[in-house]
There are 2 protein chains.
Amino acid sequence: MKVLTEERQNAILEQLKKSGIVKLQELVQLLDCSISTVRRDLQELEDQGKLVRIHGGAKAITTLQNEPGVLEKASKNVQGKQKIAKLAVDQIEADEVIYLDAGTSTQAMIPYMANLRSVLVVTNGVQLASQLADINIKTYLVGGELKNTTKAIVGADVVETIKNFRFNRAFMGVNGVHPKFGFTTPDPNEAAVKRAVLMQSEVGYFLADTSKLNEVSFAKVADLEAGILITDEQDSEVLQRFEQIGEIMEAEK
Amino acid sequence: MKVLTEERQNAILEQLKKSGIVKLQELVQLLDCSISTVRRDLQELEDQGKLVRIHGGAKAITTLQNEPGVLEKASKNVQGKQKIAKLAVDQIEADEVIYLDAGTSTQAMIPYMANLRSVLVVTNGVQLASQLADINIKTYLVGGELKNTTKAIVGADVVETIKNFRFNRAFMGVNGVHPKFGFTTPDPNEAAVKRAVLMQSEVGYFLADTSKLNEVSFAKVADLEAGILITDEQDSEVLQRFEQIGEIMEAEK
DNA sequence: TTCAATTCAATCAAAATCAATCATAAAACG
DNA sequence: CGTTTTATGATTGATTTTGATTGAATTGAA
C-alpha cells in the first residue's frame, strides 16, 4: 500500500485536531510506516508551524486566540507568520534581554518561547505581556498611555522609558519594507518608539511577510541597513534586491 | 513509553482543578508511573507557576483573579461586590484623575464607568487597562515587572512612577480590614504600591466585602483612618465598631 | 524535646527517544 | 536507457526521560 507524504501529514494533523496530542508509536501503527518517516513528517509540520513537537510525539499549537477560518488563514498568511516567528525565536539565546513590539507578528513568537530559560522580555504590548507572563517568562511592561485600538502603549513617555534600557535583541513588526524608503509603519508615534528601541539594541530584527515587501507605509522607522529583515519571501529576484542593501534572514519551505 | 509527559501533567492539573489538592500517592496510582516521575512533574509544574507543592502532594494556586471553581466564596459575594463597585463609581466626578488597583473588586467597577466623561484612569492592572481602553476611557498603565499570577504590575519601579503622579481619587481592594491592624494584603510588594498611591491621592477608598471585615492578612497597607472603607456589611454592630475609627460608606440593598 | 515514619532532593543506571547518516528503491528527468 | 532526484527504512551514537536508591529534611506523636 502506497501512501503519499501529504496524505500522511494530513492524517497526523487530523489526529491532532481530535485529541490535541499524538504519540509517535500511535502514528507508526496508524500510518503503517517506519519511525523515521513519522519523525520526518513531524519535523516538517513543525517547521511549517502546524504543531509543536514534544518528547515522544507532538501536540497541537495553542494560539490562545481563537482559530482563524480557512479563508482568513490564506488572506492573512498565517503560515508565513508562523515560520517567521519560529526563525525569530531561534535567534534568542539564554540570559538575554529581549524587546518585543506590540503586534501580531511578534505575538506569533510567544508559543515558541516557552522553553527559553532566564530571558527578560520587555514589551509595550498589553496582550503580549499577559501571554508572556502566562508561560512564565519574566516580563517587563513599559508604562504609558494605552492606545485602545491596538492595545499598545505609545507616546513620549515610552520613548523616554526605553532610553533607560539596553536590549540584546529587539523584534519588531513593520507594515512596509522598501529598498529605498526602508522600514515604515502607519503611526508616527509607533515609529518613534521603534526607532528608540532600535537605538538601544545590539541587534534589531524586523518581521515582515511577503505582503509587506516593496510596500511603503506612512512613517519611516529606519533604513534597511539599520536592522535585519526576517521574511518568508521565496522569490529570489526580490530577495536579491533587498540583500544588496540590508541583511536578510529567510524562513524557508 | 506509555503516557507522554504532557498528558501526565495535564492530568495532574485536571485533578487539581477538581479537588483543589492532590496527594502524591494518589497520582502515582492514577498515572501509573513511579514516584520519582510524579515528583518531577510536580516540580516542573511548580516552576511554571501552575501549582504549589506541599508536603505529600500539591495544591491549586489561589489566584486573586478569576476561577470561582474550587473555593466557592465568589458566587456569594458577587452581589456585594457589584453594589460596592457601583457605589465607588458614583464618587467619581468629571475631569478627575483616578487610580484603580489591580484586583477583582476594582475590576467590577469598570462596567459602571462607561458614562464617565473626560476622566483619566491610571492603573497597574493589565486586565483592567485593557477593559478600560475598550470602553474608551483614557487609560495610563504603570510600567514595571508583570506578576504572572495576578496580572498586576508590582515592584520598586511602580512605587517610583507613582510618586510622579497626583490623583483626585484612588480605589483599591484589600484582603483584610481590621479595627486594630488596619488594611492588609497578602503581598508586601502590592502593599507598598497601595501605600504609595495613598500618599499621592486626595482621597483613598478601600473596597472590601463582608468576608474581609475583621480579617487580617499579611502586609499592612495603612490604618483605618487613612482611607474611606466601602463595604456591603449590613450588621450595624460591626459597622459601628469600624465607624468609630475610620470613615465608612455602606452599599445597601 | 526525642524518635520513628514519611517525604524530599540528588544521583545514577537503564530504557526510550532523538538527530544524523547511509543505503536502497522508486520516481522523475533528459 | 542511464542518470539524477526523492522518499523511505535501518542503523548509529547522543540526548532525554524514567525508576530506583541514597542520605537529608520534614512531620507527627510520645
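Residues numbered from 1 in each chain as written. Chains lettered and ligands numbered in written order. Predicted model: local features only at pLDDT ≥ 70, side-chain atom pairs only at ≥ 80, totals over all residues. Heavy atoms only, no water.

- Chain A is annotated in an unreviewed UniProt entry as Deor family transcriptional regulator of Pediococcus cellicola.

**Some points on the overall build of chain A**
(1) Moving on: A tally of regular secondary structure across chain A gives 10 helices and 15 strands.
(2) Moving on: Taking 2.2 N^0.38 as the reference for a compact globule, 253 residues should give roughly 18 Å; the C-alpha atoms of chain A span a radius of gyration of 19 Å, in line with that estimate.
(3) Moving on: Judged by the C-alpha coordinates and their principal axes, chain A covers about 65 × 40 × 30 Å.
(4) Moving on: The burial tally for chain A puts 51% of its 253 residues in the buried class.
(5) Moving on: In chain A, 59% of the contacts between residues at least 6 apart in sequence involve partners at least 24 apart.
(6) Moving on: Counting only carbon and sulfur atoms, one obtains 48% of the accessible surface of chain A, whose full area is about 12,400 Å². (Helix = DSSP H or I, 4+ residues; strand = E, 2+ residues; numbered from the N terminus. Rg over C-alpha atoms; globule rule 2.2 N^0.38 Å. Buried < 20%, exposed > 50% of the residue type's maximum accessible area, 1.4 Å probe, protein only. Contact = heavy atoms within 4.5 Å. Areas by Shrake-Rupley, 256 points an atom, 1.4 Å probe, with all protein chains shown as cover.)

**Observations concerning the protein's contact with DNA strand D**
(1) Moving on: As a matter of local geometry, DNA strand D sits amid 17 residues, with Arg8, Thr37 and Arg40 of chain A together with Thr37 and Arg40 of chain B nearest to it.
(2) Moving on: The share of sugar and phosphate among atoms of DNA strand D within 4 Å of the protein is 57%.
(3) Moving on: Between a phosphate oxygen of DNA strand D and a side-chain N or O atom of threonine 5 of chain B, the distance comes to 3.5 Å.
(4) Moving on: Between DNA strand D and the protein, one listed contact pairs a phosphate oxygen with a side-chain N or O atom of threonine 37 of chain B at 2.3 Å.
(5) Moving on: Counting only elements with at least two residues in the surface near DNA strand D, the list comes to α1 (5–19) and α3 (35–47) of chain A together with α1 (5–19) and α3 (35–47) of chain B.
(6) Moving on: For the surface near DNA strand D, the per-class residue count stands at 3 nonpolar, 10 polar and 4 charged. (Near = heavy atom within 4 Å. Polar contact = N/O pair within 3.5 Å; in protein donor to acceptor, adjacent residues only side chain to side chain. Nonpolar A, V, L, I, M, F, W, Y, C, P; charged D, E, K, R; others polar.)

**Some points on the UniProt feature "domain: HTH deoR-type" (unreviewed entry) in chain A**
(1) Moving on: The positions UniProt marks with the feature "domain: HTH deoR-type" (unreviewed entry) are residues 5–60 of chain A.
(2) Moving on: Within the segment residues 5–60 of chain A, helix and strand shares are 64% and 16% respectively, and the terminal C-alpha atoms sit 19 Å apart. (UniProt positions renumbered as here; feature names shortened; annotations may be inferred.)

**A short note on the packing of aromatic side chains**
All names here are of chain A.
(1) Moving on: Summed over the entire model, instances satisfying the criterion amount to 10 aromatic pairs over all chains.
(2) Moving on: Geometrically, the ring pair formed by tyrosine 99 and phenylalanine 167 is tilted, given 5.3 Å between the ring centres and 50° between the ring planes. Taken as a pair, tyrosine 99 in strand β4 (residues 97–100) and phenylalanine 167 in strand β9 (residues 167–173) lie far apart in primary sequence, 68 residues in all. The exposure classification of tyrosine 99 matches that of phenylalanine 167, with both residues buried. (Phe/Tyr/Trp six-rings, centres within 6.5 Å; stacked < 30°, edge-to-face > 60°.)

**Concerning the protein's contact with DNA strand C**
(1) Moving on: Taken together, 17 residues form the shell around DNA strand C, and within it Arg39 and Gly56 of chain A together with Arg39, Arg53 and Gly56 of chain B come nearest.
(2) Moving on: Counting only the atoms of DNA strand C that lie within 4 Å of the protein, the sugar and phosphate share comes to 89%.
(3) Moving on: Note that a phosphate oxygen of DNA strand C is positioned 3.4 Å from one of the side-chain N or O atoms of glutamine 25 of chain A.
(4) Moving on: Within the side chain of arginine 53 of chain A, a nitrogen or oxygen atom sits 2.6 Å from a phosphate oxygen of DNA strand C.
(5) Moving on: Put simply, the parts of the chain that give the surface near DNA strand C at least two residues each are α2 (24–31) and β2 (52–54) of chain A together with α2 (24–31) and β2 (51–54) of chain B.
(6) Moving on: The class makeup of the residues in the surface near DNA strand C is 5 nonpolar, 8 polar and 4 charged.

**Observations concerning the interface of chain B and chain A**
Interfaces are often sized by the amount of accessible area the parts lose when they come together.
(1) Moving on: Every contact between the two is made by 27 residues of chain B and, on the other side, 27 residues of chain A.
(2) Moving on: Summing both sides of the interface, chain B and chain A together bury roughly 2,300 Å²; the carbon and sulfur share of this comes to 55%.
(3) Moving on: Linking chain B to chain A there are 6 salt bridges.
(4) Moving on: Glutamate 145 of chain B is the partner of lysine 138 of chain A in a salt bridge, and the nearest nitrogen-oxygen pair spans 3.6 Å.
(5) Moving on: Taken together, chain B and chain A are joined by 14 residue pairs in polar contact (both at pLDDT 80 or more).
(6) Moving on: Taken together, the 2 bridges between strand β7 (residues 144–147) of chain A and strand β6 (residues 138–141) of chain B define a ladder with antiparallel strand orientation. Of the residues in β6 of chain B, the one forming a bridge with glutamate 145 of chain A is tyrosine 140 of chain B. (Buried area = accessible area lost by both parts, 1.4 Å probe. Salt bridge = Lys/Arg side-chain N within 4 Å of Asp/Glu carboxyl O. Pairing = 2+ DSSP bridges.)

**Concerning the sheet that holds strand β7 (residues 144–147) of chain B**
(1) Moving on: Across the sheet, which stays open at both edges, the 9 strands sit in the order β15(A)-β14(A)-β12(A)-β9(A)-β4(A)-β5(A)-β6(A)-β7(B)-β8(B) with mixed pairing between neighbours. With one partner strand each, in any of the chains shown, β15 (247–250) of chain A together with β8 (152–154) of chain B form the two edges of the open sheet. Within this sheet the neighbouring strands show an average axis-to-axis angle of 30°, counted without direction.
(2) Moving on: Bridge count between β9 of chain A and strand β12 (residues 201–207) of chain A: 6 bridges; the pairing is parallel. Within β12 of chain A, the residue paired with phenylalanine 171 of chain A across the bridge is tyrosine 205 of chain A.
(3) Moving on: The sheet contacts of helix α5 (residues 78–91) of chain A involve β9, β12, β14 (228–231) and β15 of chain A, and relative to β14 of chain A the element is tilted by about 140°. (Axes fitted to C-alpha atoms, helices over the stretch in contact; angles between N-to-C directions.)

**Quick word on the nonpolar core**
(1) Moving on: Counting 72 residues, the largest nonpolar core has Val177 of chain A together with Tyr99 and Val177 of chain B as its most contacted members.
(2) Moving on: Core analysis: the second largest hydrophobic core is formed by 26 residues, Tyr112, Val121, Leu128 and Ile230 of chain A among them. (Core = buried A, V, L, I, M, F, W, Y, C linked by side-chain atoms within 4.5 Å.)

**Overview of the sheet that holds strand β3 (residues 57–59) of chain A**
All names here are of chain A.
(1) Moving on: Reading across from one edge, β1-β3-β2 is the order of the 3 strands in this open sheet, with antiparallel pairing throughout. Single-partner strands in this sheet number two, and they are β1 (21–23) and β2. Across the sheet, the axes of successive neighbouring strands diverge by a mean angle of 25°, strand direction being ignored.
(2) Moving on: Bridge analysis of β1 against β3 gives 3 bridges, and the strand direction is antiparallel. Paired with valine 22 across the two strands is alanine 58, which belongs to β3.
(3) Moving on: On top of the sheet, α3 reaches β2 and β3; it is set at about 140° to β2, its chief contact.

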